[in-house]
Amino acid sequence: DTAVSQTPKYLVTQMGNDKSIKCEQNLGHDTMYWYKQDSKKFLKIMFSYNNKELIINETVPNRFSPKSPDKAHLNLHINSLELGDSAVYFCASSQDRPGSHEQFFGPGTRLTVL
Amino acid sequence: DAKTTQPPSMDCAEGRAANLPCNHSTISGNEYVYWYRQIHSQGPQYIIHGLKNNETNEMASLIITEDRKSSTLILPHATLRDTAVYYCIVDSGGSNYKLTFGKGTLLTVNP
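Residues numbered from 1 in each chain as written. Chains lettered and ligands numbered in written order. Predicted model: local features only at pLDDT ≥ 70, side-chain atom pairs only at ≥ 80, totals over all residues. Heavy atoms only, no water.

S.K.: Explain the sheet that holds strand β7 (residues 64-70) of chain A to me, and be specific about the residues and the numbers.
M.R.: Residues and elements named next belong to chain A. Here we have four strands laid out as an open sheet, ordered β1-β3-β8-β7, and antiparallel in their pairing. Edge positions in the sheet fall to β1 (4-7) and β7, since each has one partner strand and no second. Across the sheet, the mean angle from the axis of one strand to that of its neighbour is 20°, orientation sign disregarded. In the sheet, strand β3 (residues 19-25) pairs with strand β8 (residues 73-78) via four bridges, with the strands oriented antiparallel. Note that in β8 the partner of K19 across the bridge is I78. (Pairing = 2+ DSSP bridges. Helix = DSSP H or I, 4+ residues; strand = E, 2+ residues; numbered from the N terminus. Axes fitted to C-alpha atoms, helices over the stretch in contact; angles between N-to-C directions.)

S.K.: So what about the environment of L83(A)? Which residues, and what values?
M.R.: Residue and element names in this part refer to chain A. Relative to the helices and strands, L83 resides in the loop between β8 and β9 (87-94). In this structure, the C-alpha to C-alpha distance between L83 and G16, residues 67 residues apart in sequence, is 9.3 Å. Apart from residues no more than four positions distant in its own chain, L83 is found in contact with M15, V113 and L114. (Contact = heavy atoms within 4.5 Å.)

S.K.: How would you summarise the interface of chain A and chain B if you had to cite specific residues and measurements?
M.R.: Size of an interface: often given as the accessible area lost when the parts come together. Each partner contributes residues to the interface: chain A has 19 residues there, and chain B has 20 residues. Contact with chain B buries surface across chain A, with L43(A), H101(A) and F105(A) losing the most and accounting together for 35% of the total. Along the contact surface separating chain A from chain B lie zero salt bridges. Our count for the contact surface shared by chain A and chain B stands at three residue pairs in polar contact (both at pLDDT 80 or more). Of all the secondary structure elements, the ones that give two or more residues to the side of chain A that touches chain B are β4 (31-37), β5 (43-50) and β6 (53-57) of chain A. Looking at which element gives the most residues to the side of chain A that touches chain B, the answer is β4(A), with four residues. (Buried area = accessible area lost by both parts, 1.4 Å probe. Salt bridge = Lys/Arg side-chain N within 4 Å of Asp/Glu carboxyl O. Polar contact = N/O pair within 3.5 Å; in protein donor to acceptor, adjacent residues only side chain to side chain.)

S.K.: Can you lay out unusual backbone geometry for me, pointing to particular residues and giving the numbers?
M.R.: Residues and elements named next belong to chain A. Here the amide bond leading from T7 into P8 is cis, since omega sits at -5°, within 30 degrees of zero. Mapped onto the secondary structure, P8 falls in the loop between β1 and β2 (10-13). Positive phi values are uncommon outside glycine, yet N51 reaches one of about 50°. Positionally, N51 belongs in the loop between β5 and β6. With phi around 45°, S80 is a residue other than glycine that occupies positive phi space.

Okay, structure coming up:
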C-alpha cells in the first residue's frame, strides 16, 4: 500500500497555465508538507499544514496556493506558471505527537514549464 | 541555510561499512540530528535520528560525539542499492518542524 501518493507523476505545460498537483496520505498523519527540489537539487520546504491549518509558509509566491480539504489530502495549485517553476515537487507527511520525528515523502511530481 | 557541513561525495566498496561524517558545530541543546537519503529520482527517505546517545536501527547506526558538534552515519554493509545522496539535518523536531536540506553527500557504492 502506498503511504504518500502524488498525482500526476509528470506534468508538462505551457507558461501562463494553471495546474494542480494532488497529494494523499493513508498513514493517518496530522501534518502534511510540500517541498520543491530545483534543477540544482536543493530541496526546500514550501508549506506545511497541520489538521488542515496552514502552519508554515516559506515566502512562496502567491501564485502557489495549497489546499487541504481534509487531513489526508494536501493539494498544490499553481497559477500563471513560469519557467522557474520547473522542478520536482514532493509531498510529505508526519505524525503530530511527541517523539514522532519521521517525515514520509511521496514519489514526487516533475513539473516542466515550457 | 543548512546548519550542517558534509563532504560532497564519498565512495565505498560493496559489503564494506560506509561512514558518512557530518559537522553541526552550532547545534542547540534541544536539536536532534536527522539523517535522510534520496535515491536517484525518488523522494527522500528517513534513516535515523538522535539527540545525545548513539542510535541503531535496521538500516544504520548513528554515532554522535559527546559535545554533539559532529556525528557519523554508519551503513554497516553497504550494497549497490545504498548509492544515494545522504542528508544530515539538524532540527528541534516537534509538530511544526521543517526539514532544511543542505547539499548532502553523494555516496557511491562500487561493486
